[in-house]
Amino acid sequence: MNRAIDHGFIIRPSFKLSAHFSPIHFPMGNAAIEFFVTFALLAVVVGVASTITDISHIRSWNASSLPLAVSIAGIAWTLTLLAIGFACKVIELEIKNAHLLFILTSSGSMRQSPTIK
C-alpha cells in the first residue's frame, strides 16, 4: 500500500474519476486519505464490539469469556495502529505536496524579486 500511495497520483478538485474507480471518493487531499478513512471506521466498529465484549466479560468474570474479550481488543488495537499509520502517511504527503507547491509557485512567474533601494 505504501508503494501504491507513494507512486500513485494526487487527487485534485479538477481531476475527474470514473464511476468505478473506488467505493470511497474524497475529492480533497491525497491517495492515503481513502485508506485512512476506511481503516479508521473499521477500527471504530471493532472497538465498539470490543467494548461490548469487555463489559460482558466484566459482568460474568469467568475464564470462558476472557479469550474473546482479549482477542477482539487485540484486533481493535491493531486496526487502530494501522489507521494511525495511514494518518501519518496523509500528513507526510500533505507536507510533501505543500513543499512541491511552494517550489512550483516560487520558480514560476508568480515570484517577484524584491527591489532593494
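Our subject is the structure that appears above.
A brief report on the enclosed structure follows.

About the criteria used
- Residues numbered from 1 in each chain as written.
- Predicted model: local features only at pLDDT ≥ 70, side-chain atom pairs only at ≥ 80, totals over all residues.
- Heavy atoms only, no water.
- Salt bridge = Lys/Arg side-chain N within 4 Å of Asp/Glu carboxyl O.
- Helix = DSSP H or I, 4+ residues; strand = E, 2+ residues; numbered from the N terminus.
- Buried < 20%, exposed > 50% of the residue type's maximum accessible area, 1.4 Å probe, protein only.
- Core = buried A, V, L, I, M, F, W, Y, C linked by side-chain atoms within 4.5 Å.
- Contact = heavy atoms within 4.5 Å.

A few points about the pattern of salt bridges
Inspection of the entire model under this criterion finds one salt bridge. Among the salt bridges present, the one from E92 reaches K89, with a minimum N-O distance of 3.8 Å. Separated by three residues within a single helix, E92 and K89 lie in helix α3 (residues 66-107), roughly one turn from each other. The class of E92 is partly exposed, set by a relative accessible area of 39%. Relative accessible area serves as the criterion here: at 8%, K89 is assigned to the buried category.

Side note on unusual backbone geometry
Although it is not a glycine, W61 adopts a positive phi angle of roughly 50°. Within the element layout of this structure, W61 appears in the loop between α2 (32-60) and α3. Overall, the relative accessible area of 64% leaves W61 in the exposed class.

Observations regarding the nonpolar core
The nonpolar side chains of a soluble globular protein tend to be buried, and buried together. F39, A43, V46, I72, A76, L79, A83 and F86 form the largest nonpolar core, which has eight residues in total. Contributions of two or more residues to this core are made by α2 and α3. No other element matches α3, which puts five residues into this core. Contacts of V46, omitting those with residues within four sequence positions, involve I72, I75, A76 and L79. Grouped together as the second largest cluster of nonpolar side chains are five residues, A32, I33, V37 and L93 included.

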